[in-house]
Amino acid sequence: MRRCRLVVVAMTLGLLSLPAQAIGLEADGPGVVGQLVDWFVAPAQWHGPASLPTRIVEHLYYMTSAMAIALLIALPVGIGLGHWGRGGLLAINVANMGRAVPSFGLVILMFLLVGFGFVPVLVALVALAIPPMVTNSYVGMQAVDPAVRTAAIALGLSRWQRLWQVELPIAMPLVMAGIRTSAVQVLSTATLAAYVGLGGLGRYLIDGLAQQQLAQVVGGALVVAVLAVLLELLLAGLQGLLVSPGLRRNG
């Protein structure tokens, strides 16, 4: 968490300290900071279908849609295999194939198969989100002390009771770590939606480069970075609510 915030701050300070010519801005203009401020406060940024609030809502829609599907796929697989202790390595290796395929390449492939639309982006984002959640949930379930499982059996708990009341709470720090990793990655990668004609914050990057308006590119990138930090903070707070106080230090 702290490292993530420091990286964003360092990137921001680094960008703002560059000479205007270094990032393609006019040398006789108001400077990097001034041009970024002008971009953010322009009325067009806050009203209309291409406004910043609209782009943020579109971006979050892409991210939440992909995460919802990935959660429904990855968590049952990882938790179930970790609980049963079978087939975990195969599932992890198959899931990790999603990391080996570049997200941009997958978007282009799906675009060639199904054309424009949300499907190419959704497939790429789901493929990106699944591996960390499968891996972390499986490892978290496997890390439960066998003595704890034996004690739960001795208390007469059924298999489902052991899963929901004993094993899953213990594994929750690692499960949530996988969810947090996936969510931040998907949020950042959702900028690819602009490559297939969709909206989101990626529009600022694509359109800004095409129009040589690099203040727009830097501004869009900063908004994505800030959203990533806010998402990490939100999920860290959620983890604090879901994880037992005695286990939070392991999250």
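All residue numbers refer to positions counted from 1 along the written sequence of the respective chain. For this predicted model, a pLDDT threshold of at least 70 governs which residues receive local features, and a threshold of 80 or more governs which side-chain atom pairs are given and counted, while totals over whole chains, interfaces and linings are taken from all residues. Side-chain figures throughout are based on the complete set of non-hydrogen atoms in the structure, without hydrogens or water.

### Things to note about the overall build of the chain
Only runs of H or I of at least four residues qualify as helices and only runs of E of at least two qualify as strands under DSSP, and these elements are numbered from the N terminus. Helix and strand counts for the chain stand at 10 helices and 0 strands. Exposed residues in this analysis have more than 50% of their type's maximum accessible area, buried residues have under 20%, and partly exposed residues fall in between, with area computed by a 1.4 Å probe over protein chains only. Across the 251 residues of the chain, 44% fall into the buried class. Here a residue-residue contact requires only that any non-hydrogen atoms of the pair lie within 4.5 Å. For the chain, long-range pairs separated by at least 24 residues make up 71% of all intrachain contacts whose partners lie at least 6 apart in sequence. Throughout, the Shrake-Rupley method with a 1.4 Å probe supplies accessible areas, and for residues the shown protein chains are the sole cover considered. Carbon and sulfur atoms provide 70% of the accessible area of the chain, an area that totals close to 13100 Å².

### Considering the side chain of Arg180
With respect to the helices and strands, the residue Arg180 is situated in helix H8 (residues 159–189). Judged by its relative accessible area of 15%, Arg180 falls in the buried class. A polar contact of 2.4 Å, which involves the side chain of Arg180, links it to the side chain of Glu232. Any pair of nitrogen or oxygen atoms within 3.5 Å is treated as a polar contact; in protein, a donor-acceptor pairing is required on top of that, and neighbouring residues in sequence qualify only through side-chain atoms on both sides.

### Thoughts on the nonpolar core
As used here, the term nonpolar core means buried Ala, Val, Leu, Ile, Met, Phe, Trp, Tyr and Cys residues forming a set that is joined through side-chain atoms within 4.5 Å. Formed by 51 residues in total, the largest nonpolar core has its most connected members in Met67 and Met133. When residues of this core are traced back to their parent elements, those giving at least two are helix H3 (52–84), helix H5 (103–114), helix H6 (118–142), H8 and helix H10 (214–242). Looking at this core element by element, the count peaks at 12 residues for H6. Apart from the residues within four sequence positions on either side, Met133 is in contact with Met67, Ala70, Leu71, Ala74, Leu75, Gly178, Ile179 and Ser182.

### As for the pattern of salt bridges
Any carboxyl oxygen of Asp or Glu within 4 Å of a side-chain nitrogen of Lys or Arg constitutes a salt bridge here. Enumeration over the complete set of coordinates arrives at 4 salt bridges. Among the salt bridges present, the one from Glu232 reaches Arg180, with a minimum N-O distance of 2.4 Å. Residue Glu232 is located in helix H10, and its partner Arg180 is located in helix H8; the two are separated by 52 residues in the primary sequence. Pair check on accessibility: Glu232 and Arg180 agree, each one buried.

### Regarding H8
To estimate how far a helix should extend, the number of its residues minus one is multiplied by 1.5 Å. Taking 1.5 Å of rise per residue, 31 residues should cover 45 Å, yet H8 covers just 39 Å from first to last C-alpha, more than 12% shy of that figure. The bend at a residue is defined as the angle formed between two axes, one fitted to the seven residues ending at that residue and one fitted to the seven starting there. At Met172, H8 shows its maximal bend, which comes to roughly 55°, and the proline Pro173 appears one to four places after that position.

### Focus: the packing of H3 against H8
Helix axes are fitted only over the stretch in contact, all axes being lines through C-alpha atoms; the angle between N-to-C directions runs from 0 to 180 degrees. Running from N to C, H3 and H8 cross one another at 145°; their axes reach a closest spacing of 10 Å. When the axes of H3 and H8 are compared, the crossing they make is right-handed. Residues His59, Leu60, Met63, Ala66, Met67, Leu71, Leu75, Ile79, His83 and Trp84 of H3 form the contact with H8, whose participating residues are Arg159, Leu163, Glu167, Leu168, Val175, Ile179, Ser182, Ala183, Val186 and Leu187. Here is the rule for handedness: rotate from the far helix to the near one, and if that takes an anticlockwise turn smaller than a right angle the crossing is left-handed, while a clockwise turn gives right-handed.

### Here's the deal with the packing of aromatic side chains
Only the six-membered ring of Trp is used, alongside the rings of Phe and Tyr, when aromatic pairs are assigned; centres must lie within 6.5 Å, and planes under 30 degrees apart are stacked while those over 60 apart are edge-to-face, with the rest tilted. Counted under the stated rule, the structure contains 3 aromatic pairs. Centroid distance Tyr62 to Phe118: 5.2 Å. Interplanar angle 35°. Geometry classified as tilted. Taken as a pair, Tyr62 in helix H3 and Phe118 in helix H6 lie far apart in primary sequence, 56 residues in all. Per residue, the accessibility class of Tyr62 equals that of Phe118, and both read buried. Among the aromatic residues, those joined into a cluster by ring pairs are Tyr61, Tyr62 and Phe118.

Honestly, it's all geometry; don't read function into it.
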